[in-house]
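If you want the building blocks of each chain, they are given just below.
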Amino acid sequence: MSIFSKPTYKEVALPFIHDCYAEEYAEYLEAGLVDIEACGVIDGKQKYFYASFSLKKPNMYDNGDYEQMIELLKSSEGKLATLRLKYKKERLVSFTLLPESLAQAYEDDRFLQLELAGWGINDVSCKDKKTSKKS
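Residues numbered from 1 in each chain as written. Predicted model: local features only at pLDDT ≥ 70, side-chain atom pairs only at ≥ 80, totals over all residues. Heavy atoms only, no water.

Quick look at the side chain of aspartate 108 now. Checked against the element boundaries, aspartate 108 lands in the loop between helix 4 (99-106) and strand 6 (114-122). When sequence neighbours within four positions are dropped, the list of residues in contact with aspartate 108 reads Leu72 and Ala103. (Helix = DSSP H or I, 4+ residues; strand = E, 2+ residues; numbered from the N terminus. Contact = heavy atoms within 4.5 Å.)

See below:
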């Protein structure tokens, strides 16, 4: 067995929400970020996958594309995002939310212009984290 085992990957389609931080952290929107949290049972445990994106083309902020994309994301009920899960030694270590799946879900190629700015895997939804910070 090699010390440097190759990672393995698995793709899953999960429901998602948009802007779970937006109400409390308006600076995310002011910064031009697109925040998405997908959730589902992975390896027998409920997991929340948070991804924050910026747009590759700066003119998309000025020409109204950003605002239109945000409005589309607000109606995410029933939509699925595809995540590529990365495992090392059978342990989930990271993921990639595939913008192609958003472009397909909304039938809108502007979502192909998303560029990852940050991500995280959590055991609790960002909405629940926000609620617990207030109490």
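After that view, the rundown keeps rolling.
Glancing now at the sheet that holds strand 3 (residues 45-55). The strand order across the open sheet built from six strands is 5-4-1-2-3-6, with neighbouring strands paired in antiparallel fashion. Every interior strand has two partners, whereas the edge strands, strand 5 (91-97) and strand 6, have only one. Between one strand axis and the next, the sheet turns through 35 degrees on average, direction left out of account. One ladder, built from six bridges, connects strand 4 (residues 80-88) with strand 5; its direction is antiparallel. Directly across from arginine 84, in strand 5, lies its bridge partner threonine 96. Running over the sheet, helix 4 touches strand 1 (8-18), strand 2 (34-42), strand 4, strand 5 and strand 6 and is turned about 165 degrees from strand 4. (Pairing = 2+ DSSP bridges. Axes fitted to C-alpha atoms, helices over the stretch in contact; angles between N-to-C directions.)

With that settled, consider the packing of aromatic side chains. The description of an aromatic ring pair uses the distance of the two centres, along with the angle that the planes make with each other. Tallied over the entire structure, the rule returns five aromatic pairs. Their ring planes at 85 degrees and their centres at 5.6 Å tell us that phenylalanine 95 and tryptophan 119 sit as a pair that is edge-to-face. In this pair, phenylalanine 95 is assigned in strand 5 and tryptophan 119 in strand 6, connecting sequence segments 24 residues apart. A relative accessible area of 4% means that phenylalanine 95 is categorised as buried. The partly exposed category is assigned to tryptophan 119, whose relative accessible area is 44%. (Phe/Tyr/Trp six-rings, centres within 6.5 Å; stacked < 30°, edge-to-face > 60°. Buried < 20%, exposed > 50% of the residue type's maximum accessible area, 1.4 Å probe, protein only.)

Moving on to the confidence of the model for the chain. Residues at a pLDDT of 70 or more form 84% of the chain, whose mean pLDDT is 86. No element of the chain has a lower mean pLDDT than helix 5 (residues 126-134), at 58, and none a higher one than strand 4, at 97. Below pLDDT 50 for its whole length, residues 131-135 participates in two contacts with residues either more than four positions away or in separate chains. (pLDDT = per-residue confidence, 0-100.)

With that settled, the discussion passes to the nonpolar core. Formed by 28 residues in total, the largest nonpolar core has its most connected members in Leu83, Leu85, Leu97 and Leu102. For this core, the secondary-structure elements that each account for two or more residues are strand 1, strand 2, strand 3, helix 3 (65-74), strand 4, strand 5 and helix 4. Discounting chain neighbours no more than four positions away, the residues touching leucine 97 are Ile36, Ala51, Phe53, Ala81, Thr82, Leu83 and Leu102. (Core = buried A, V, L, I, M, F, W, Y, C linked by side-chain atoms within 4.5 Å.)

Once that is clear, we can look at helix 4. Within helix 4, the full set of buried residues consists of Pro99, Ser101, Leu102, Ala103 and Tyr106. The inward-facing, buried residues of helix 4 contact strand 1, strand 2, helix 3, strand 4, strand 5 and strand 6. Phi turns positive, to about 50 degrees, at glutamate 107, one or two residues after helix 4.

In this structure, strand 1 lies alongside strand 4, joined through eight bridges in antiparallel fashion. Looking across to strand 4, one finds that tyrosine 9 is bridged to lysine 86. In the sheet, strand 1 pairs with strand 2 via three bridges, with the strands oriented antiparallel. Each residue of the ladder has a partner; that of phenylalanine 16, found in strand 2, is alanine 38.

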